Structure formats: structure tokens, C-alpha cells
Amino acid sequence: MTEITLVEAVNQALAYEMEANPDVIVMGEDVAKDGGVFRATVGLVDKFGPERVLDTPLAESMIAGLAIGMAARGLKPVAEFQFMGFIYPAIDQIINHAARLRNRTRGRLSCPVVFRTPFGAGIHAPEHHSESTEAMFAHTPGLRVVIPSSPARAYGLLLASIRDPDPVVFLEPSRLYRFAKQEVANDGKALPLDVCFTLRMGDDVTLVTWGAMVKETLAAASALHDQGISAEVIDVATIKPLDMDTILASLEKTGRCVIVHEAPLTCGVGAEIAAQVVEKALFSLKAPPERVTGFDTIVPYAKLEKYYIPSEKRIIEAVHRIMEFT
């Protein structure tokens, strides 16, 4: 095994699946010659040729529509959008067609397409490059929404997403693309979709998070340990459908829950998790669930974005608030 970054793991998974399945097609703006804006597809056109690694025009609606048509005819397209803020022109195609194709045809057709895009703040990007609007897709029936937070999970979850017979929105936290390296075996083993990953065991509080916020949440858990507080950390990974069983099982043990996400507070996925926690685990709770999130504002420019992203300090403060309940 070799140590690779998250973005290299994405590239490795794409190459493995393209080698194993000739129906897999990679497409998007600058994905061939330039290897994508973050170089996630670098080298693929040299291995598989321009017939399977397609540079497209700057037209997101066309990219999504073409991918859906390919998927309906039996191919397995992986369509890249350069940034999540650029995906909005494709919303009509994704929500009205990809998500509904199986239902519309009463199961006669499926739509095995993966829509990949980097997302989130923290890379000093201009406006429209730092969105975290995963809740918009999670709200849509017919879509699966997957968010890796490490090289190993990026590799295994992307393989599983490409093999899935229905549409997957695969969101890659750009702040973690080159944050750390991890040993990843290029063995083609997919990780399960629709399940949470428990990254750290604990007894006092459950920290629930996903994407780039795993970084700050794990750091907060380490700092809390030094303060005598044992925090369990859960990476949701697939936010639609939610694996509430893992979260609820943790809450039976800890009785306290802090949900951390970078997206704005209002109507975020954290609100859905908190609602289900209250509905299904009320008598296990020792304190009300807390949310630590981004703010209900546009992601600010580079000088201020660190104040927008939930910090280790804010997570620790939330834990201390709920630890006051007995």
C-alpha cells in the first residue's frame, strides 16, 4: 500500500473502475487534457483515451443531461462539476430527471450516474466556489448523497457510488484534498454506502459530523479528552439515506449529542439529525442536542472564511454547555 491524499484516492478509484468496467465514462470541464481543476482526473485520458475521458463545454446543464442520457442507455458516467457553486444550472436535470428516472419508468430504466463536485470553504476561493448545499440534494427523493472525509473513504465510497444502480451526488471536501496522506490499498474493495463510520469511541458525548468538519471535530475530541471528557466521533459519510441506527446506538451510551457541519444552520442536515434524535432517543438524552454550524450568510471571502467555518473552540464550547446538564 502507498500513502496518498484524498484527491489522489479519487483518481485511483476512477482509474480502477474504468479499468474494470468499460462502461464507465468520465466527463466534465477540463477533466481530460488538464486533469480537472484540482487534478482529480489527471492521467486518465492517457490511460483510457478521449472516448472515455471527455472534455465538455462550460455548460453544467448539458453535462448533467448528457450523463443522464448515457446512464439511461446502460453506460456509467461520472460527471464532474468544477465547484459546487457551479452545479446550480444542472439542478433541473439532476432533480427532475436523474432522481426520477426509475420512478418515472416504473423501474424499466435506472440512472447509474455519479455527479462529483468539490465543496466547502477553506481554500481561499472567490464567491461561488465555497458552497455547502448538501441539504438541497438530501431533500430530494431518488438521490443518494455521499461525502468522504479521508483518502480511504474517498476510494471505497467512490467505488461503491459508481457501482450503484441509481444516481449519487458525490461531494468531495476541497479543504481535505491534500490535507493528509493515508495508506490506501488499490484493491477495488468498496466501502458500504448508507452507513456511518465511528472514528473515535467515547462515553460522555457523541459528536456527529461529515466532510471537512471531521478535521476540527477530531481535534476537538482530542482536546476534550485532555480535559477529562470522552467524546465519540461519528462520520455520517452518507447523508442521504441517513444511518440513524449508528447515531442512536451511540446516544444510548453517551446521552449527549453535538452535530457539526459547515453548511448554514437553517434547514441543514443537522436539523434533520437533531429532529430524529429527539423523536427516537428522547429518553436516552441527558441534554438537548446542540448544533455547531456555518452561519446563515454567504460564505465570506478569504480573509473572513476562517470565522465562518466552525472551529475547534466552538465545538468544545458546545460540549461544555451540554455537559452542564446532569
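Structure first, text after, so check above.
Calculation rules
- Residues numbered from 1 in each chain as written.
- Predicted model: local features only at pLDDT ≥ 70, side-chain atom pairs only at ≥ 80, totals over all residues.
- Heavy atoms only, no water.
- Patch = residues over 30% accessible without salt bridge, like charges linked within 9 Å, V, L, I, M, F, W, Y side chains within 5 Å.
- Areas by Shrake-Rupley, 256 points an atom, 1.4 Å probe, with all protein chains shown as cover.
- Salt bridge = Lys/Arg side-chain N within 4 Å of Asp/Glu carboxyl O.
- Helix = DSSP H or I, 4+ residues; strand = E, 2+ residues; numbered from the N terminus.
- Buried < 20%, exposed > 50% of the residue type's maximum accessible area, 1.4 Å probe, protein only.
- Phe/Tyr/Trp six-rings, centres within 6.5 Å; stacked < 30°, edge-to-face > 60°.
- Pairing = 2+ DSSP bridges.
- Axes fitted to C-alpha atoms, helices over the stretch in contact; angles between N-to-C directions.
- Contact = heavy atoms within 4.5 Å.
- Expected span 1.5 Å × (residues − 1).
- Arc of directions from axis to C-beta.

Student: Describe a nonpolar patch on the surface, and please don't skip the residues or the numbers.
Tutor: On the surface, Val278, Leu282 and Phe283 cluster together into a nonpolar patch covering about 360 Å² of accessible area. Its place among the elements puts Leu282 in the loop between α10 (269–281) and β14 (290–294). What makes Leu282 partly exposed here is its relative accessible area of 46%.

Student: Mind laying out the packing of aromatic side chains, listing which residues take part and the relevant values?
Tutor: Applying the stated criterion across every chain yields a total of five aromatic pairs. Ring geometry for Phe38 and Phe83: centres 5.5 Å apart, planes at 70 degrees, overall edge-to-face. Residue Phe38 is located in the loop between β2 (24–28) and α2 (44–48), and its partner Phe83 is located in the loop between β4 (76–80) and α4 (91–98); the two are separated by 45 residues in the primary sequence. With respect to class, Phe38 is no different from Phe83; both count as buried. Plain terms: the ring middles of Phe83 and Phe86 are 5.5 Å apart, the flat faces sit at 75 degrees to each other, and that makes the pair edge-to-face.

Student: Describe in detail the sheet that holds strand β11 (residues 231–235), supporting the description with residues and values.
Tutor: Spatial ordering of the open sheet is given by β9-β11-β10-β13-β14, a layout of five strands whose pairing is mixed. Strands with a single pairing partner mark the edges of an open sheet, and in this sheet they are β9 (197–200) and β14. Strand-to-strand twist of the sheet, defined as the mean angle between neighbouring strand axes without regard to direction, takes the value 25 degrees. Of the strands in this sheet, β10 (205–209), β13 (257–264) and β14 are in contact with α10, which crosses β13 at around 155 degrees.

Student: Tell me about α10, and please be specific about residues and values.
Tutor: Its 13 residues give α10 an end-to-end C-alpha distance of 18 Å, which sits within 8% of 18 Å, the value for a rise of 1.5 Å per residue. What α10 keeps buried is the set Val269, Gly270, Ile273, Ala274, Gln276, Val277 and Ala281. Down the axis of α10, the buried set is contained in an arc of 165 degrees. They therefore lie on one face. Looking at the buried positions of α10, the neighbouring elements they touch are α6 (134–138), β10, β12 (238–240), α9 (244–254), β13 and β14.

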